[in-house]
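What the coordinates show
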Amino acid sequence: MTRVRLRFVKLGKVRFTSHRDVARMWERALRRARLPVARSAGFTPRPKVAFGLALSTGHESVAEFLDVTLVDGEAVDVAGLPRRLSPELPVGIDVTGATTVAPGVTSLQEEVASCDWRIAVRGLATSRAHELVEAALAADELVITRTRKGREVTDDLRPAVLALTVAGATPQGAELRAELAVHPRSVRPAELLRALSPDGGLVEGPVLRTAQWIWRDGAREEPLCAAPDATDRPQAEALAASRRDLHHGRLPRPGPDPGPGSTHPGWGDLVVAGPEPRVREPD
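These figures come from a predicted structure and were not determined experimentally.

1. Looking at helix α5 (residues 189–196)
Burial of α5 is extensive: six of the eight residues sit out of reach of the surface. For α5, every residue scored as buried is listed here: Pro189, Glu191, Leu192, Leu193, Ala195 and Leu196.

In structure tokens, the structure reads:
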């Protein structure tokens, strides 16, 4: 069977849709697009679709991924999948890349090692933000306590904070940029804020996931970059180049050429590449 990897964005009001409901949207979109999706065996066969890391409800992203297994023997234009699938998805979810995954490649959840985030913090002055970031990077540990299955669990987040900087001021406060590891467990932006200010003084604003990274031999790869037939080569090349520059918070841009895309008013300079620009409803 052929496995296809898709990258998509989740922006705007659809950010309030849960991961489970997004999965249902995808099942319907694949069916409406009449893709020959393989199905599992048993009494209740399900389409063979594997998502990457779940995105918290309320967060936006320009770097979501899923793998779709197709039935062998039926030709599918992989390069045309973004244009074919995006119209079948709700406004705010657009496919920005597709490629064929080589046999034997492990799942996204196993491969992805870290994510980049833009985290707006309400009411935080940039001077205070710099103090918190410098203190966090200098600390040996960043301990938080959380409740898991009815028990209090203490975690040290410091090893998972791979990069952290202050991007600057926003109309409501300040914006942080972070690269957070996802193994042995995925660190959430809200947990990072709790670690930065244990007294709970940091209020999370809009949050955007900008990249997911696979680490191989000490280098990072965006999940579509390694594939030779990725459809959006300019964007893939930009991300590959950003691997050389991205260090301690130097955030990659989604692509050097906006091309057929749309700016996202909630994130200033963010440009979302896509095969079919779609009108976004005002928040």
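2. Structural notes on the packing of aromatic side chains
Evaluation of the coordinates by the stated rule reveals one aromatic pair. A cation over a ring is seen here: Arg220 above Trp213, with NZ or CZ 5.1 Å from the ring centre.

3. A short note on the pairing of strand β5 (residues 112–122)
Judged by how many residues are buried, β5 sits mostly within the fold: nine of 11 residues are covered. Across nine bridges, β5 lies against strand β10 (residues 203–216) in antiparallel orientation. Opposite Trp117, over in β10, you have Arg209 as the bridge partner. Relative to strand β9 (residues 173–181), β5 is paired through nine bridges, and the arrangement is antiparallel. Paired with Cys115 across the two strands is Leu180, which belongs to β9.

4. A word on the pairing of strand β1 (residues 2–10)
Of all nine residues in β1, eight are buried; the element is thus mostly enclosed. Two elements, β1 and strand β3 (residues 60–70), share eight bridges in a ladder whose sense is antiparallel. In the sheet register, Arg3 faces β3, and the bridge partner there is Thr69. Of the strand pairs in this sheet, β1 and strand β4 (residues 93–101) are connected by eight bridges, and their pairing is antiparallel. Looking at the pairing, Arg5 lines up with Thr99 of β4.

5. As for the confidence of the model for the protein chain
Per-residue confidence for the protein chain averages 81 on the pLDDT scale, and 79% of its residues sit at or above 70. Considering each helix and strand of the protein chain separately, the mean pLDDT is smallest for strand β12 (residues 261–263), with a value of 41, and largest for helix α4 (residues 126–138), with 95. Predicted confidence is poor over residues 227–263, with pLDDT under 50, and the contacts of this stretch with residues over four places away or in other chains come to 81 contacts. Below pLDDT 50 for its whole length, residues 274–283 participates in 31 contacts with residues either more than four positions away or in separate chains.

What counts, and where the lines are drawn
- Residues numbered from 1 in each chain as written.
- Predicted model: local features only at pLDDT ≥ 70, side-chain atom pairs only at ≥ 80, totals over all residues.
- Heavy atoms only, no water.
- Buried < 20%, exposed > 50% of the residue type's maximum accessible area, 1.4 Å probe, protein only.
- Helix = DSSP H or I, 4+ residues; strand = E, 2+ residues; numbered from the N terminus.
- Phe/Tyr/Trp six-rings, centres within 6.5 Å; stacked < 30°, edge-to-face > 60°.
- Lys NZ or Arg CZ within 6 Å of the ring centre and 35° of its normal.
- Pairing = 2+ DSSP bridges.
- pLDDT = per-residue confidence, 0-100.
- Contact = heavy atoms within 4.5 Å.

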